[in-house]
Amino acid sequence: MNISIIAVGKLKEKYLKQGIDEYLKRLTAYAKVEIIEVPDEKAPEILSDTEMQQVKQKEGERILTKISQDTHVIALAIEGKMKTSEELADDLDKLATYGKSKIAFVIGGSLGLSSEVMQRANERLSFSKMTFPHQLMRLVLVEQVYRAFRIIRGEPYHK
């Protein structure tokens, strides 16, 4: 299985990089996982609704260039469906069983994802109703993907 995590912005925090690198290393036994960073759109701190849409649109265009037609896209969004780790594992297992070997998880920038990216998504996944820094979500996501593969294989992993 080939999994891409497409994220807006560059990860600068060393402690997050170290955590992500550790899970990416662990995941090599289960799948090919890559993190694809697309540049975030530079914008002032205070934006009008129109400016916010323009920023999301430009970031969305960059995201969509990284997704091939045969990729199953899972957008991370607050309004998405919340799942247990077991449900995520089951979903990934079913995708593999039915020939969907390319999966892309998409993490938007600080303003979220464009409507075009949301329309391209096959599903929307939420980790919480709370808002998290998009950089932190990379670590949480990669850990959950690792946990999912451990569950699929029936291997022990702390709860």
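Please read all numbers here as calculations on a predicted model, not as lab measurements. (Residues numbered from 1 in each chain as written. Predicted model: local features only at pLDDT ≥ 70, side-chain atom pairs only at ≥ 80, totals over all residues. Heavy atoms only, no water.)

Draft legend 1. Quick look at the UniProt feature "binding site: S-adenosyl-L-methionine" (unreviewed entry) in the protein. Taking the UniProt record as the reference, the feature "binding site: S-adenosyl-L-methionine" (unreviewed entry) is found at Leu76, Gly108, Phe127, Ser128, Lys129, Met130, Thr131 and Phe132. Its place among the elements puts Leu76 in strand 3 (residues 72–82). Those residues within four positions of Leu76 in sequence are excluded, and the remaining contacts are Phe105, Val106, Ile107, Leu113, Leu125, Phe127, Met137 and Leu141. With respect to the helices and strands, the residue Lys129 is situated in the loop between strand 5 (123–126) and helix 5 (134–152). In this structure Lys129 comes out as exposed when scored by relative accessible area, which is 67%. With sequence-adjacent residues up to four places away left out, Lys129 is seen in contact with Ile78 and Met82. (UniProt positions renumbered as here; feature names shortened; annotations may be inferred. Helix = DSSP H or I, 4+ residues; strand = E, 2+ residues; numbered from the N terminus. Contact = heavy atoms within 4.5 Å. Buried < 20%, exposed > 50% of the residue type's maximum accessible area, 1.4 Å probe, protein only.)

Draft legend 2. Just the confidence of the model for the protein, in detail. Looking at the protein as a whole, the pLDDT averages 94, with 99% of positions reaching at least 70. Across the protein, the element-wise mean pLDDT spans from 94 in helix 2 (residues 49–64) up to 98 in helix 4 (residues 115–120). (pLDDT = per-residue confidence, 0-100.)

Draft legend 3. Looking closely at the packing of aromatic side chains. Under the defined criterion, the tally for this structure stands at three aromatic pairs. Relative to Tyr146, the ring of Tyr23 has its centre 5.7 Å away and its plane inclined at 55°; by these criteria the two rings are tilted. One end of the pair, Tyr23, is in helix 1 (residues 14–27); the other, Tyr146, is in helix 5, with 123 residues separating them in the sequence. Residue Tyr23 is classed as buried on the basis of its relative accessible area of 16%. Taking the relative accessible area as the measure of exposure, Tyr146 reaches 7% and is therefore buried. A centroid spacing of 6.1 Å and a plane angle of 70° characterise the contact between Tyr30 and Tyr146, whose relative ring orientation is edge-to-face. Of this pair, Tyr30 sits in the loop between helix 1 and strand 2 (32–38) while Tyr146 sits in helix 5, and the two are 116 residues apart along the sequence. Residue Tyr30 is classed as buried on the basis of its relative accessible area, which comes to 12%. (Phe/Tyr/Trp six-rings, centres within 6.5 Å; stacked < 30°, edge-to-face > 60°.)

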